[in-house]
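# Survey of secondary and tertiary structure
Here's the letter readout for the chains.
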Amino acid sequence: MSGPPPSAARTEDDAEIVAQSLEQSELFALLYDRYAADIHRYAARRLGDAAADDITADTFLTAFRIRSRYDRTRANARPWLYGIAGNLIGKQRRAEVRALRALARTGRDPLAASGGAFWLEDADSRIAAQAPLAGALAALSGPDRHVLLLVAWADLTYQEVAEALGIPVGTVRSRLNRARRKVRTALGADPAFVTDAVEVA
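Everything in this summary refers to the structure shown in the same document. Keep in mind the model is a prediction, meaning the values are calculated, not measured.

### Some details on the nonpolar core
Counting 52 residues, the largest nonpolar core has Tyr42 and Trp80 as its most contacted members. Per-element accounting of this core gives the leading share, eight residues, to helix α2 (residues 29–47). Apart from residues lying up to four places away in sequence, Tyr42 is in contact with Tyr82, Ile89, His146, Leu149, Leu150, Trp153 and Ala154.

Printed below as a string of structure tokens:
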């Protein structure tokens with residue numbers, strides 16, 4: 001009695017899916033099924049729904065093209081995919097900063113009008129309440145903002161952010177602490193009392 005066809009084979013982790021997809025390319029769709037919604041949601045919060053569609057498609061297309069270089073010692077491909085998405089979002093950094101500054105200035109999310117769940121998926125009044133935070137995020141450097149949002153919006157651990165961005169965990173911590181300090185200060189916290197929370201990643 002023969003077993004299930006190879007395309008239906010059960011895989012234990014993402015690394016195995018990537019490895020098997022080198023011979024059976026259709027298996028790579030399993031990663032899309034697992035993570036596309038998360039990548040899209042993250043990209044939409046940063047750039048709006050329309051751009052998120054492109055970012056998500058390009059993320060998986062890029063991942064598929066470079067899958068032979070995937071580090072198979074990493075069982076979870078989620079940080080790798082967020083890293084690819086982050087690079088693509090970085091290419092649209094100006095659009096993101098413009099949108100953040102517009103939200104900070106007017107209290108209106110310019111991407112929400114096009115159906116983008118860019119800032120919050122709530123009422124305009126809640127979006128307007130976030131205007132000061134939007135301004136603080138816009139003022140951050142791209143690398144600091146990216147680390148902060150990978151932790152806050154993508155729920156990646158410090159180690160996962162390090163994997164996603166190809167940087168040491170210590171650099172993740174320093175960028176995150178700097179970003180938090182700047183955001184807190186921009187939001188009116190007394191710099192003398194701004195402390196960096198110690199978190200276990």
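This is not the end of the story, as more comes after the structure.
### Overview of the packing of aromatic side chains
For the structure shown, the criterion picks out four aromatic pairs. Note on Phe28 and Phe64: the rings are 5.5 Å apart at their centroids and 75° apart in plane angle, and the pair reads as edge-to-face. Taken together, the residues Phe28 in the loop between α1 (14–21) and α2 and Phe64 in helix α3 (residues 49–65) connect sequence positions 36 residues apart. A relative accessible area of 5% places Phe28 in the buried class. Using a relative accessible area of 28% as the deciding quantity, one classes Phe64 as partly exposed. Both rings, one in Tyr42 and one in Tyr82, keep their centres 5.4 Å apart while their planes meet at 80°; by these two values the pair is edge-to-face.

### Structural notes on the packing of helix α8 (residues 142–152) against helix α10 (residues 169–186)
Viewed as axis vectors pointing N to C, α8 and α10 meet at an angle of 95°, and their least axial separation amounts to 8 Å. The angle between α8 and α10 places the two elements in the roughly perpendicular class. Of the residues in α10, those touching α8 at Pro143, Asp144, Val147, Leu148 and Val151 are Val172, Arg175, Leu176, Arg178, Ala179, Arg180, Lys182 and Val183. Considered class by class, the residues forming the contact of α8 with α10 number eight nonpolar, no polar and five charged.

Parameters at a glance
- Residues numbered from 1 in each chain as written.
- Predicted model: local features only at pLDDT ≥ 70, side-chain atom pairs only at ≥ 80, totals over all residues.
- Heavy atoms only, no water.
- Core = buried A, V, L, I, M, F, W, Y, C linked by side-chain atoms within 4.5 Å.
- Buried < 20%, exposed > 50% of the residue type's maximum accessible area, 1.4 Å probe, protein only.
- Helix = DSSP H or I, 4+ residues; strand = E, 2+ residues; numbered from the N terminus.
- Contact = heavy atoms within 4.5 Å.
- Phe/Tyr/Trp six-rings, centres within 6.5 Å; stacked < 30°, edge-to-face > 60°.
- Axes fitted to C-alpha atoms, helices over the stretch in contact; angles between N-to-C directions.
- Parallel < 35°, antiparallel > 145°, perpendicular 65-115°, else oblique.
- Nonpolar A, V, L, I, M, F, W, Y, C, P; charged D, E, K, R; others polar.

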